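# Observations on the model geometry
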Amino acid sequence: MNLHQPPHYWRTLLVLARASNLPTVWSNCFAGWLLGGGGHGGKFFGVCVGSTFLYVGGMFLNDAFDADFDRQHRRQRPIPSGALSEREVWWWGFIFIALGATILFLMGTLTAIFTVWLIGCILVYDAIHKAVALSPLLMAGCRLLLYLVGAAVSKNGVTGLVVWSALALACYIVGLSYLARKETSRNSLPHWPGYFLAAPIVLAALVNGAGHGKISSTISFLLALWILWCLRHAFWTAQRNIGFTVSLLLAGIPLVDWLALGGGTLLSSALFLLFFFLALFFQRFIRAT
């Protein structure tokens, strides 16, 4: 990759990578690592770097697989617009996947196993998501596995709470991913995705006991308000904007992660909020979808 490319070339790469969503990837890794008991900061950093490469590679390959569709329906995307060649996008997508896999494979057997599953979910999703109605389950599986990858390098490993929290996050992703599939539809939207978005709040009510009740309830309230604000743009306005709703729900993933910790420490709370606001800020420059 030529380091002396003009600025618009680098912006194109950021668009392909959906770079505005990267804070949510780091937040997922952070939540999984903390839920597993934390531990060595270097391992957490390695998980973040490896997961970043996998996410970016997956997004590049997403456009590569969708090139024919985009030529017909989304001509502003980098490949049909001529900003990058299809071959180059394929090439860099697999390079990023390989880099991420190499880093995560070096972090232990369990991490390597989860990484293989994660790469499988990414590639299958990219290949079939336009054709299969149940593809939101694959996207949810990718986010679930980020929790497991993060927990695999933590002090206590993959605990029951990690798994349940990952499943709650997966439900949230199913809800927003289904809405994303309806972005260009003019038909009325069903309300059931909203029930999936509420799964993290339900889990928090079940597992956060004395000592964390007030904090957890406060975060649950904030997350519920955010979800309702997001859904407003899809259900309760004359000019619905499903893409905007999905983008905001994506930015809300760190709030889901924060709730999974029941608040956590002051430092971890600050970091989850930082990831949330970074995602919103980056969306001002790079679309999330």
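The structure displayed is predicted, hence computed values, not measured ones.

Below, the discussion takes up the nonpolar core. Core analysis: the biggest nonpolar cluster contains 84 residues, and Phe60, Tyr172, Ile173, Leu176 and Leu249 have the highest contact counts within it. Sorting elements by how many residues they give to this core places helix α8 (residues 135-152) first, with eleven residues. Once residues lying within four places of it in the same chain are set aside, the contact partners of Ile173 are Met139, Ala140, Arg143 and Ile253.

Take helix α11 (residues 199-207) next. All of the buried residues along α11 are Ala199, Pro200, Leu203 and Ala204. Along the axis of α11, the buried residues cluster in a sector spanning 135°; they form a single face. Away from its buried face, by an angle of more than 90 degrees, α11 presents the exposed residues Ala205 and Leu206. Check the buried side of α11 and you find it contacts α9 (160-181), α10 (192-197), α12 (213-235) and α14 (253-260).

Take the packing of aromatic side chains next. Under the criterion given, the structure shown has 19 aromatic pairs. Between Phe60 and Phe96 the ring centres are 5.4 Å apart and the planes differ by 75°, which places this aromatic pair in the edge-to-face class. Separated by 36 residues along the polypeptide, Phe60 in helix α3 (residues 41-65) and Phe96 in helix α6 (residues 86-105) bring together distant segments of the chain. Under the relative-accessibility criterion, Phe60 is labelled buried at 2%. A residue is classified by how much of its surface remains accessible, and Phe96, at 14% relative accessible area, is buried. Where Trp92 meets Phe96, the ring centres are 5.9 Å apart and the plane angle is 35°; that geometry is what we call tilted. Within this pair, Trp92 and its partner Phe96 are both found in helix α6, separated by four residues, close to a single helical turn.

With that out of the way, let us pick up the packing of α14 against helix α15 (residues 266-283). Relative orientation and spacing of two packed helices are given, respectively, by the angle between their axes and the distance between those axes. Running from N to C, α14 and α15 cross one another at 165°; their axes reach a closest spacing of 8 Å. Taken together, α14 and α15 sit at an angle that is classed as roughly antiparallel. The element α14 and its partner α15 pack so that their crossing is right-handed. Residues Pro254, Leu255, Asp257 and Trp258 of α14 touch α15, and the partners they reach there are Ser269, Phe272, Leu273, Phe275 and Phe276. Of the residues that constitute the contact of α14 with α15, the class distribution is seven nonpolar, one polar and one charged.

Quick look at unusual backbone geometry now. Its identity is not glycine, yet Arg18 carries a phi of approximately 45°, on the positive side. Residue Arg18 is classed as buried on the basis of its relative accessible area, which comes to 5%.

Below, the discussion takes up the packing of α3 against α8. Packing of α3 against α8 leaves a shortest axis separation of 10 Å and a crossing angle of 155°. With respect to α8, the element α3 is oriented roughly antiparallel. Like other packed secondary-structure pairs, α3 and α8 cross with a definite hand, here right-handed. Facing α3, whose interface residues are Val47, Ser51 and Tyr55, α8 presents Arg143, Leu146, Val149 and Gly150. Counted by class, the contact of α3 with α8 contains four nonpolar, two polar and one charged residues.

Criteria and thresholds
Residues numbered from 1 in each chain as written. Predicted model: local features only at pLDDT ≥ 70, side-chain atom pairs only at ≥ 80, totals over all residues. Heavy atoms only, no water. Core = buried A, V, L, I, M, F, W, Y, C linked by side-chain atoms within 4.5 Å. Buried < 20%, exposed > 50% of the residue type's maximum accessible area, 1.4 Å probe, protein only. Helix = DSSP H or I, 4+ residues; strand = E, 2+ residues; numbered from the N terminus. Contact = heavy atoms within 4.5 Å. Arc of directions from axis to C-beta. Phe/Tyr/Trp six-rings, centres within 6.5 Å; stacked < 30°, edge-to-face > 60°. Axes fitted to C-alpha atoms, helices over the stretch in contact; angles between N-to-C directions. Parallel < 35°, antiparallel > 145°, perpendicular 65-115°, else oblique. Left-handed = near helix turned anticlockwise from the far one by under 90°. Nonpolar A, V, L, I, M, F, W, Y, C, P; charged D, E, K, R; others polar.

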